[in-house]
Amino acid sequence: MLAALLLALTAILVSGCGKPRPVDTVNGVTTIEFWNGFTGPDGKTMEKIVRQFNAEHKDIRVRMQIIPWNTYYDKVTLSLAFGGAPDVFILHASRLPEYADAEAILRLDDKVAALGNKVNDWTPRAWAAAHWKGRQYAIPLDCHPIGMYYNTDLFKKAGIVDANGNAKPPTTLAEFLADGKKLTKDTDGDGRIDQWGYIYTWLRTNAHTFLAQYDASWLSKDTRHAAIDSPEASQAFGLMTDLINKYKICPKPEGQDAWNGFRIGKVAMVLEGIYMLSSLEEQKGLNFAGAPCPVFGKRAAVWGDSHMMVMPKKLSAARQKAAWEFMNYLSDHSLEWSKGGQVPVRKSILATPEFRELPVQYQFSKELPYVVYLPQSTATNQVMPFCEAAVEAILNDLMPEKEAVAEANRRIDNVLKRQ
Amino acid sequence: MKIWNRNKYAALFLLPYTVLFLTFVVSPIIYGFVISLHKWYILAPHPTYVGIANYAAVLKDDLFRIAFMRTAFFVIMVVPAGNALSLLLAVGLNQDYKGTTFYKVAYYLPVLTSVSVVAILWRWLYSTEFGLLNYYLTKIGFALHTMAPAIFSGNWTVNWLSSTKTAMPSIALLSVWWGAGGNMLIYLAGLKNVPKELLEAAEIDGCTPFQRFWAVTWPLLKPTTLFCLVMSVIGSFQVFGQTYILTGGGPYYSTLTVILYMFQQGFSQYQMGYASAVGYVLFAAVLVFTILQFKMLSVKK
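All values reported here derive from a predicted model rather than from experimental measurement.

A.B. asks: Explain the overall build of chain B to me, please; I cannot follow it from the model alone.
C.D. replies: Helix and strand counts for chain B stand at 13 helices and 2 strands. In terms of overall dimensions, chain B is more spread out than a globule: its C-alpha atoms have a radius of gyration of 24 Å, far above the 19 Å expected for 301 residues. Each of the three principal axes of chain B carries a C-alpha extent, and together these read 70 × 60 × 30 Å. Going through the 301 residues of chain B one by one, you find that 39% of them count as buried. At a minimum sequence separation of 6, the contacts of chain B that also span at least 24 residues come to 67%.

Right, here's the structure in full:
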């Protein structure tokens with residue numbers, strides 16, 4: 001009897017797990033699920049676009065689910081592996097190779113080919129990041145590079161202004177250092193510096209920018225080996241530590257406090273993502289502006305990532321059609337999307353007067369031709385913590401640079417070996 | 001069959017729990033071990049059997065070793081200090097005076113609070129620039145500095161969570177505060193079981209309160225102490241929430257704990273087999289420590 005009971009229970013449990021097979025189309029309406037991690041003001045913007053899409057399309061209904069980024073990828077991955085995946089979802093460009101390589105997301109080559117000339121409207125770097133091993137897996141929705149935010153009040157107080165009396169952001173290393181010097185002060189005379197010219201906020205994006213400007217990267221060009229011990233990388237790390245120890249215009253990394261430092265007017269310049277714009281707009285009494293990142297090294301380059309729109313591999317034809325329609329709609333309406341703190345990647349939208357009136361977005365969009373994505377590898381997400389730990393150790397003087405990069409290199413290579 | 005007939009009603013009542021226990025505790029334990037023998041990237045269609053390769057890799061992995069040493073450091077800080085504090089509180093609350101219930105509730109409240117709430121509260125206390133602790137330390141430092149500038153430097157701020165030296169002790173401090181109330185209750189129950197007549201006899205024999213504690217209460221409390229120590233060693237080896245929320249394992253791996261490392265392997269790198277192997281190695285280590293504790297502390301009948 002016991003066995004029978006157990007068996008019955010198991011049967012109930014097992015049958016309960018299987019989801020009912022979703023019906024594609026009910027009364028001529030195809031309902032599709034759309035997942036993303038836009039928990040901030042960007043989510044409100046996205047909701048508005050989705051509502052508008054639903055109003056304009058009688059035969060498609062999009063249901064959006066917002067999941068916080070820190071658990072987002074776990075949910076997406078588990079749903080792709082064990083069922084319950086959405087029909088359209090967002091991946092960061094830096095995570096795309098993992099899902100493309102595992103064939104968990106759908107190849108879009110045929111669909112893209114049918115777009116004809118429209119494909120030339122996307123900016124080349126974002127478009128390239130939608131590919132993996134020569135195949136296209138996504139449509140880029142946007143690009144979010146970091147750029148320079150600067151406190152215009154502090155600039156004016158330090159006399160760093162142009163002919164019209166407006167705050168003038170630095171564009172070269174020399175200007176950056178000179179401005180930084182003028183902006184680093186002990187304002188209350190207690191012998192402790194309490195206003196900094198510059199501060200490191202997110203080490204990943206800041207260090208990636210410095211590396212890219214010196215033609216260095218975390219991984220070798222073929223992404224099969226760690227490369228942060230290269231002489232070029234050493235130059236970049238050298239400049240990063242010099243800002244702290246030699247030029248003294250920047251404190252040691254302060255983690256979460258760093259960004260607050262800029263928000264409350266204790267720091268004059270930061271390199272942060274366009275997506276932080278709304279966090280600054282909320283700050284009362286802060287007058288700021290945006291500018292392209294200065295050129296510190298050999299060439300202009302800056303960290304950037306993109307929200308990529310993808311579909312799961314297993315998707316019925318009807319749902320594919322609806323999802324494709326929706327993805328294109330989002331891209332076509334990315335002007336609206338950019339207002340929440342993003343840069344669109346459609347040339348036709350970038351050229352509109354309406355976009356050029358968005359002050360910070362327009363300034364950051366100038367970086368699109370030289371934005372540098374993280375290395376395209378299935379291991380990028382796994383190795384970045386080692387990279388960041390090395391930068392953290394170097395900037396905090398926890399160990400000599402040589403040791404830190406050697407240790408990180410070894411750990412990165414270990415991960416790459418098991419790919 | 002006879003046993004079955006006699007106990008069938010008991011079995012029936014035990015059935016729901018047994019089923020749930022088998023489904024949600026025993027089978028994941030077994031399944032976890034099976035996974036640990038496979039290389040399984042979660043998006044790959046099928047796990048591949050690799051034998052003990054994951055275990056060999058774990059033992060060679062220097063980050064696992066770092067995580068293990070950091071966790072052991074945490075255990076060494078938290079278990080003795082936490083148990084001493086719990087016992088002290090319990091002895092204090094075992095006296096006859098008014099208001100003990102209030103204090104019991106006050107000390108036990110943190111135990112009932114979820115780790116995320118505790119961690120967010122302490123993040124604010126520990127914040128270098130805006131934290132409450134540094135606010136008072138700065139005031140004290142400044143006051144002492146103005147009184148005796150030669151002896152005291154003015155800067156008393158501590159980089160609680162942002163320095164590799166202080167991060168783990170800071171995590172330990174909050175963990176002691178968080179967990180003290182739980183063991184306190186168990187010690188309190190143990191103290192109530194100490195026969196009053198023995199204590200009175202000792203008092204008549206002229207023992208001081210301290211001698212009474214040392215010669216009567218402490219030996220009789222040994223089973224309770226063993227239980228509390230074993231449970232807190234097991235619990236402390238599994239420290240996760242505090243470091244996950246407050247430091248993410250940093251700065252520079254100084255608060256990387258074994259469970260956090262397992263979590264990172266499993267849920268940001270999706271190496272399920274490897275993560276399971278990490279879990280099982282920790283299980284083996286904790287088992288050894290537990291057996292040692294029983295051997296050293298158990299009461300001879």
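Text resumes after the structure shown.
A.B. asks: Is there a simple way to think about the overall build of chain A in this case?
C.D. replies: Looking only at helices and strands, chain A features 19 helices and 14 strands. A compact globule built from 419 residues should have a C-alpha radius of gyration of about 22 Å, and chain A, at 24 Å, falls within 12% of that. Reported as C-alpha extents along the three principal axes, the dimensions of chain A are approximately 80 × 50 × 45 Å. Each of the 419 residues in chain A was classed as buried or not, and the buried ones make up 54%.

A.B. asks: Would you take a moment to explain the domain arrangement of chain A for this structure?
C.D. replies: Quite often, the size of an interface is put as the accessible area lost when its parts meet. Residues and elements named next belong to chain A. Domain assignment breaks chain A into domain 1 (24-143 + 306-372) and domain 2 (145-305 + 379-417). Once you take the C-alpha centre of each, domain 1 and domain 2 turn out to be 29 Å apart. Listed by partner, the interface residues are 20 residues for domain 1 and 26 residues for domain 2. Here domain 1 packs against domain 2, burying approximately 1900 Å² in sum over the two surfaces, 63% of which is carbon and sulfur. Three residues, F364, Y370 and V372, lead the burial of domain 1 against domain 2; their summed loss comes to 32% of the area buried on that side. Counting the contacts that link domain 1 with domain 2 gives 0 salt bridges. At the surface where domain 1 touches domain 2, the tally comes to 6 residue pairs in polar contact (both at pLDDT 80 or more).

A.B. asks: What should I look at first to understand the nonpolar core in this one?
C.D. replies: Soluble, globular proteins show a tendency: their nonpolar side chains are buried together. Residue and element names in this part refer to chain A. Counting residues in hydrophobic clusters, the biggest one holds 170 residues, and the most contacted among them are Y149, Y200, F210, W218 and L243. No other element matches the 10 residues that helix 18 (residues 380-395) contributes to this core. Residues contacting F210, with those up to four places away along its chain left out, are Y198, Y200, A236, L239, M240, L243, L271 and F296.

A.B. asks: Where do I start with the confidence of the model for chain A in this structure?
C.D. replies: Parts of the prediction with low pLDDT should not have their coordinates interpreted in detail. Summary statistics for chain A give a mean pLDDT of 92 and a share of 94% for residues scoring 70 or more. Counted against residues more than four places away or in other chains, residues 11-21 of chain A, with its pLDDT under 50, gives 2 contacts.

A.B. asks: Explain the pairing of strand 11 (residues 288-291) of chain A to me, please; I cannot follow it from the model alone.
C.D. replies: Within a regular beta strand, the side chains point alternately toward one face of the sheet and then the other, so they alternate between its two faces. All names here are of chain A. Going residue by residue along strand 11, you find F288 and G290 tucked away on one face and A289 and A291 tucked away on the opposite face as well. Bridging between strand 8 (residues 144-151) and strand 11 involves 4 bridges; their strand directions are antiparallel. The residue of strand 11 that forms the bridge with N151 is F288.

A.B. asks: What is the right way to read the side chain of H307 of chain A from this model?
C.D. replies: Residue and element names in this part refer to chain A. With respect to the secondary-structure elements, H307 resides in strand 13 (residues 307-310). Within polar-contact distance, the side chain of H307 engages the side chain of H92 at 3.5 Å. A distance of 2.8 Å separates a polar atom in the side chain of H307 from a polar atom in the side chain of D142. For H307, the contacting residues outside a window of four places in its chain are F38, W69, I90, L91, H92, I139, P140, L141, D142, H144, W337 and Q342.

A.B. asks: Just checking my understanding: could you explain a nonpolar patch on the surface for this structure?
C.D. replies: All names here are of chain B. On the surface, a nonpolar cluster with roughly 990 Å² of combined accessible area is contributed by Y17, L20, F21, L22, F24, V25, I29, I30, Y31 and V34. With respect to the helices, strands and loops of the structure, V25 is situated in helix 1 (residues 2-36). The exposure class of V25 is partly exposed, given its relative accessible area of 36%.

A.B. asks: How do you make sense of the interface of chain B and chain A when you look at a structure like this?
C.D. replies: Chain B puts 27 residues into the contact, and the matching count from chain A is 37 residues. Together chain B and chain A conceal approximately 2800 Å² of surface at their shared face, both sides included; 58% is due to carbon and sulfur atoms. When the area that chain B buries against chain A is broken down by residue, the three leading residues are L43, Y252 and Y270 of chain B, summing to 25%. Remark: the boundary between chain B and chain A carries 2 salt bridges. With a closest N to O distance of 2.9 Å, R411 of chain A and D62 of chain B form a salt bridge. Of all the secondary structure elements, the ones that give two or more residues to the side of chain B that touches chain A are helix 1, helix 3 (62-93) and helix 12 (258-267) of chain B.

A.B. asks: Honestly, helix 2 (residues 53-60) of chain B in this entry has me stumped. Any pointers?
C.D. replies: Since the α-helix turns once every 3.6 residues, residues separated by three or four places project in the same direction. Within helix 2 of chain B, the full set of buried residues consists of N54, Y55 and V58 of chain B. Here the buried residues of helix 2 of chain B occupy an arc of 100° about the axis, which is enough to place them on one side.

A.B. asks: Help me understand the side chain of D62 of chain B in this model?
C.D. replies: Position of D62 of chain B relative to the elements: it lies in helix 3. Residue contacts for D62 of chain B: discarding those within four places in its chain leaves R410 and R411 of chain A.

A.B. asks: When you look at the environment of G179 of chain B in this model, what are you seeing that I'm missing?
C.D. replies: By secondary structure assignment, the location of G179 of chain B is in helix 7 (residues 167-192). Put simply, G179 of chain B and T113 of chain B are 66 residues apart on the chain and 10 Å apart in space, counted from C-alpha to C-alpha.

A.B. asks: Teacher, can you tell me more about the pairing of strand 10 (residues 267-273) of chain A here?
C.D. replies: All names here are of chain A. Burial within strand 10 is extensive, with 7 of its 7 residues counted as buried. Sheet analysis places strand 8 next to strand 10, joined by 5 bridges and oriented antiparallel. Across the sheet, I146 pairs through a bridge with G273, a residue of strand 10. As defined by bridge partners, strand 9 (residues 196-198) adjoins strand 10 across 2 bridges and the pair is classed as parallel. The residue of strand 10 that forms the bridge with Y198 is M269.

A.B. asks: I tried to follow the packing of helix 3 of chain B against helix 7 of chain B on my own but got confused; where do I start?
C.D. replies: Each packed pair of helices is defined by two parameters, the angle between the axes and the distance between the axes. Residue and element names in this part refer to chain B. Closest axis-to-axis distance for the helix 3/helix 7 pair is 6 Å, and the angle between their directions is 40°. Comparing the axis directions of helix 3 and helix 7 gives the class oblique. By crossing handedness, the relation of helix 3 to helix 7 is classed as right-handed. Tallied by class, residues from the contact of helix 3 with helix 7 come to 21 nonpolar, 5 polar and 1 charged.

A.B. asks: What am I meant to see in helix 3 (residues 69-82) of chain A here?
C.D. replies: End to end, helix 3 of chain A covers 20 Å across 14 residues, agreeing with the expected 20 Å (1.5 Å per residue, within 8%). Residues of helix 3 of chain A that are buried: Y72, Y73, D74, V76, T77, S79 and L80 of chain A. Where the residues of helix 3 of chain A are buried, they touch strand 2 (29-36), strand 4 (88-92) and helix 4 (96-101) of chain A together with helix 12 of chain B. Just downstream of helix 3 of chain A, G83 of chain A is the residue with a positive phi angle, here 105°.

A.B. asks: I keep staring at the packing of aromatic side chains and nothing clicks. Help me out?
C.D. replies: Aromatic rings considered in pairs are described by the distance between their centres and by the relative angle of their planes. Across all of its chains, the model carries 41 aromatic pairs over all chains by this definition. Relative to F283 of chain B, the ring of Y280 of chain B lies with its centre 5.8 Å away and its plane at 70°, an arrangement referred to as edge-to-face. Here Y280 of chain B and its partner F283 of chain B are both found in helix 13 (residues 272-297), 3 residues apart, which amounts to about one turn of the helix. Linked through ring pairs, F38, W69, Y72, Y73, Y99 and W337 of chain A together constitute an aromatic cluster. R95 of chain A extends its terminal NZ or CZ atom over the ring of Y73 of chain A, reaching a point 4.1 Å from the ring centre.

Cut-offs used in this document
Residues numbered from 1 in each chain as written. Chains lettered and ligands numbered in written order. Predicted model: local features only at pLDDT ≥ 70, side-chain atom pairs only at ≥ 80, totals over all residues. Heavy atoms only, no water. Helix = DSSP H or I, 4+ residues; strand = E, 2+ residues; numbered from the N terminus. Rg over C-alpha atoms; globule rule 2.2 N^0.38 Å. Buried < 20%, exposed > 50% of the residue type's maximum accessible area, 1.4 Å probe, protein only. Contact = heavy atoms within 4.5 Å. Domains from an automatic or database assignment. Buried area = accessible area lost by both parts, 1.4 Å probe. Salt bridge = Lys/Arg side-chain N within 4 Å of Asp/Glu carboxyl O. Polar contact = N/O pair within 3.5 Å; in protein donor to acceptor, adjacent residues only side chain to side chain. Core = buried A, V, L, I, M, F, W, Y, C linked by side-chain atoms within 4.5 Å. pLDDT = per-residue confidence, 0-100. Pairing = 2+ DSSP bridges. Patch = residues over 30% accessible without salt bridge, like charges linked within 9 Å, V, L, I, M, F, W, Y side chains within 5 Å. Areas by Shrake-Rupley, 256 points an atom, 1.4 Å probe, with all protein chains shown as cover. Arc of directions from axis to C-beta. Axes fitted to C-alpha atoms, helices over the stretch in contact; angles between N-to-C directions. Parallel < 35°, antiparallel > 145°, perpendicular 65-115°, else oblique. Left-handed = near helix turned anticlockwise from the far one by under 90°. Nonpolar A, V, L, I, M, F, W, Y, C, P; charged D, E, K, R; others polar. Expected span 1.5 Å × (residues − 1). Phe/Tyr/Trp six-rings, centres within 6.5 Å; stacked < 30°, edge-to-face > 60°. Lys NZ or Arg CZ within 6 Å of the ring centre and 35° of its normal.

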